2 protein chains.
Amino acid sequence: MMSNLQTFIETNLPHIELQLESIINDITAPHELKEAMLYSLKAGGKRIRPLYTLAVLQELGVENVEAIKVASTIEMIHTYSLIHDDLPSMDNDDLRRGKPTNHKVFGEALAILAGDALVTLAFGIIARLKDLEPSQKVRLIDELSMASGAEGMVGGQVLDMLGEGKRLSLEELEEVHLNKTGALLSYSILAGGIIANANEDIMKALHQYSIHIGLAFQIQDDILDVEGTSEQLGKTAGKDILSEKNTYPSILTLAGAKEQLQKQYNLAIEALHPVTLNKGLLVELADYITKRSK
Amino acid sequence: MMSNLQTFIETNLPHIELQLESIINDITAPHELKEAMLYSLKAGGKRIRPLYTLAVLQELGVENVEAIKVASTIEMIHTYSLIHDDLPSMDNDDLRRGKPTNHKVFGEALAILAGDALVTLAFGIIARLKDLEPSQKVRLIDELSMASGAEGMVGGQVLDMLGEGKRLSLEELEEVHLNKTGALLSYSILAGGIIANANEDIMKALHQYSIHIGLAFQIQDDILDVEGTSEQLGKTAGKDILSEKNTYPSILTLAGAKEQLQKQYNLAIEALHPVTLNKGLLVELADYITKRSK
């Protein structure tokens, strides 16, 4: 029997894939640029962020035909960050999800510009939605800018760079990840609440849940880098150790990292206790994130 | 006697400079990142785009204390584009406005991230304004995304790259510049109209004016690259010829480029004829753009 989550993913994933494609197809721009944007957008991935936005909406019992567009803009921001992170002057990665990275295929200049185009387009798509109030769109843009910019993802990326070669404390490592990966993941959950006009109690609970889920996600990423194979991961396993990155296993030992993962999982689930909403998908997604093998 | 424009610039420029500084000071982010963002934001420049936004507003007789913030976000987007354009994989420039370029001072990785942070923050600042209606903010964001992304500035940058080493027609060169520099300059003029809630006739006239001003600006840039000195320009003169860039002088001869400049100037001024608004500053700015020596 398929789980609730499996059905949900099988229903929604094809729509997300189509939406990403049509967003790029619909713009008027040099085809070389569109190709570079689409290449990384369509390079696969779990689509965990857009799925979260849609899952929250479903559990709040709200339907909105444009939610899929909001969900897709988050994947666009995530993708742009990967393109830029992979550049030679950054992580210098040749492979991403088992495929050559964007700059390996299109060259550095076009890779930088494809990233720039994705982040810029994401904000425009939200602004141009028809089925949301202007105030909702403004709130989405405000939160997305915060989550993905200097005070979120980009700031976390800088902290991560600055921390390389140094030994960070657990608190410092959390600070990196709350920003680098946590902020955008958290936004993807809150975005569902904003689209649904959820009340402040629910927004607070979702926010707490999202913080712990973001950390759990990163801890499992670090654990997989130690325990997974390159084939499973679609990228070079063991790279964190080689590049002397600060990770949960390197700071806490592997057993300690697994304990921390369980702790963050529990805190995420507890955060949902005070509010009444369907929690099935949110619990299943938390399970999926902490138990995934890639 | 000082011209109207001189008084206007001397009054507004210090506010723009202060605003740019306080926008960066006000964010919570790693200080290395803030430093890199601020370095390029404060590296000088004519501030022609924010001045245009404020000039339009003044000529429409509308005061809005937050217009300066909108104006500043345009300079942030312009600055991010310069940081990325100067990168080794793009134009590979060591000097910008007489100072070492961002990546020369902070390294490529931080330069890329400083650019990313600037563009992302720009959208957030508009979303967080208090004195504009949500619908005005959404319109500003919509237009800004269009002007600065794949369908505008970034797309133009790609066209420019693809055109290097090829001989473009005048139409193809115009297509590059309408996007690469024209779209954002045009937005800076329209933004004043959006903030002022100008009627559609005025918006149309401003739009026409802005298109021709954008082209005039670029033609004069190309002419200065031939006629100016590196000292005047704060960047290497004659670089366009060396790198075999398509320019107005290379396609039309220097005399032909000057004729084209005059034509675009005339079209810009004519575009304002059908509407009644104070045009003094807009005419003076057009004069300034076509006659500037840097």
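As for the overall build of chain A
- Helix and strand counts for chain A come out as 14 helices and two strands.
- For a compact globule of 294 residues, the expected C-alpha radius of gyration is about 19 Å, and chain A comes in at 18 Å, within 12% of that figure.
- Projected onto the principal axes, the alpha-carbon positions of chain A cover approximately 50 × 50 × 40 Å.
- For chain A, with 294 residues in total, the buried portion stands at 60%.

Remarks on the pattern of salt bridges
Residue and element names in this part refer to chain A.
- Tallied over the entire structure, the rule returns 28 salt bridges over all chains.
- Across the salt bridge formed by Arg 47 and Glu 17, the nearest N and O atoms sit 2.7 Å from each other. Here Arg 47, found in the loop between helix H2 (31–41) and helix H3 (48–59), pairs with Glu 17, found in helix H1 (residues 4–25); they are 30 residues apart in sequence, far enough to count as distant.
- Classification of Arg 47 as buried rests on a relative accessible area of 1%.
- Residues Lys 291 and Asp 287 are paired through a salt bridge, measuring 3.7 Å at the closest nitrogen-oxygen approach. Residue Lys 291 and its partner Asp 287 are located together in helix H14 (residues 280–291), separated by four residues, close to a single helical turn.

Some remarks on the interface of chain A and chain B
- Facing the 45 residues of chain A at the interface are 45 residues of chain B.
- A buried area of about 3700 Å², summed over both sides, lies between chain A and chain B, and 74% of it is on carbon and sulfur atoms.
- One can count two salt bridges joining chain A with chain B.
- Arg 128 of chain B is paired through a salt bridge with Asp 142 of chain A; the nearest N and O atoms lie 2.6 Å apart.
- For the pair chain A and chain B, the interface holds ten residue pairs in polar contact (both at pLDDT 80 or more).
- The dominant element in the side of chain A that touches chain B, judged by the number of residues it contributes, is helix H6 (residues 108–127) of chain A, at 13 residues.
- Considering only residue class, the side of chain A that touches chain B consists of 27 nonpolar, eleven polar and seven charged.

A look at the packing of aromatic side chains
- For the structure on display, the rule yields five aromatic pairs over all chains.
- On the basis of an interplanar angle of 10° and a centroid distance of 4.7 Å, the ring pair of Phe 123 of chain A and Phe 123 of chain B is categorised as stacked. Here Phe 123 of chain B lies in helix H6 (residues 108–127) and Phe 123 of chain A lies in helix H6, a pairing that spans two chains.
- Judged by its relative accessible area of 0%, Phe 123 of chain B falls in the buried class.
- Plain terms: the ring middles of Tyr 52 of chain B and Tyr 209 of chain B are 6.0 Å apart, the flat faces sit at 75° to each other, and that makes the pair edge-to-face. One end of the pair, Tyr 52 of chain B, is in helix H3 (residues 48–59); the other, Tyr 209 of chain B, is in helix H10 (residues 200–227), with 157 residues separating them in the sequence.
- Residue classification places Tyr 209 of chain B among the buried positions, given a relative accessible area of 0%.
- One cation-aromatic arrangement involves Arg 292 of chain A over Phe 217 of chain A; the distance from NZ or CZ to the ring centre is 4.2 Å.

Quick notes on the relation of the copies chain A and chain B
- Each copy of the sequence occupies a distinct position, and chain A is placed on chain B by a rotation of 180° and an axial shift of 0.0 Å, giving an RMSD of 0.0 Å. Such a turn and shift between the copies fits a two-fold axis. The position closest to the rotation axis in chain A is occupied by the C-alpha of Pro 134 of chain A, lying 2.6 Å away.

Some remarks on unusual backbone geometry
- Even without a glycine there, the phi angle at Arg 97 of chain A is positive, about 50°.
- Locating Arg 97 of chain A in the fold gives a position in the loop between strand S1 (95–96) and strand S2 (99–100).
- By relative accessible area, which is 24% here, Arg 97 of chain A ends up partly exposed.
- At Asn 197 of chain B, a residue that is not glycine, the phi angle is positive and equals roughly 50°.
- With respect to the secondary-structure elements, Asn 197 of chain B resides in the loop between helix H9 (170–195) and H10.
- On the basis of relative accessibility, which here comes to 57%, the residue Asn 197 of chain B falls in the exposed class.

Some remarks on H2 of chain A
- Among the residues of H2 of chain A, those classed as buried are Leu 33, Lys 34, Ala 36, Met 37, Leu 38, Ser 40 and Leu 41 of chain A.
- Lining the buried residues of H2 of chain A we find H1, helix H4 (67–85), helix H5 (102–106) and H6 of chain A together with helix H8 (153–163) of chain B.

Structural notes on the packing of H1 of chain A against H4 of chain A
Residue and element names in this part refer to chain A.
- Running from N to C, H1 and H4 cross one another at 75°; their axes reach a closest spacing of 9 Å. Put simply, H1 runs roughly perpendicular to H4. Between H1, through His 15, Ile 16, Gln 19, Leu 20 and Ile 23, and H4, the contact on the second element is made entirely by Ile 68, Lys 69, Ser 72, Glu 75 and Met 76.

Digging into the confidence of the model for chain A
- Residues at a pLDDT of 70 or more form 94% of chain A, whose mean pLDDT is 94.
- Interface confidence for the predicted complex, given as ipTM, is 0.95, next to a pTM of 0.96.

Criteria and thresholds
- Residues numbered from 1 in each chain as written.
- Chains lettered and ligands numbered in written order.
- Predicted model: local features only at pLDDT ≥ 70, side-chain atom pairs only at ≥ 80, totals over all residues.
- Heavy atoms only, no water.
- Helix = DSSP H or I, 4+ residues; strand = E, 2+ residues; numbered from the N terminus.
- Rg over C-alpha atoms; globule rule 2.2 N^0.38 Å.
- Buried < 20%, exposed > 50% of the residue type's maximum accessible area, 1.4 Å probe, protein only.
- Salt bridge = Lys/Arg side-chain N within 4 Å of Asp/Glu carboxyl O.
- Contact = heavy atoms within 4.5 Å.
- Buried area = accessible area lost by both parts, 1.4 Å probe.
- Polar contact = N/O pair within 3.5 Å; in protein donor to acceptor, adjacent residues only side chain to side chain.
- Nonpolar A, V, L, I, M, F, W, Y, C, P; charged D, E, K, R; others polar.
- Phe/Tyr/Trp six-rings, centres within 6.5 Å; stacked < 30°, edge-to-face > 60°.
- Lys NZ or Arg CZ within 6 Å of the ring centre and 35° of its normal.
- Least-squares fit on C-alpha atoms with pLDDT ≥ 70 in both.
- Axes fitted to C-alpha atoms, helices over the stretch in contact; angles between N-to-C directions.
- Parallel < 35°, antiparallel > 145°, perpendicular 65-115°, else oblique.
- pLDDT = per-residue confidence, 0-100.

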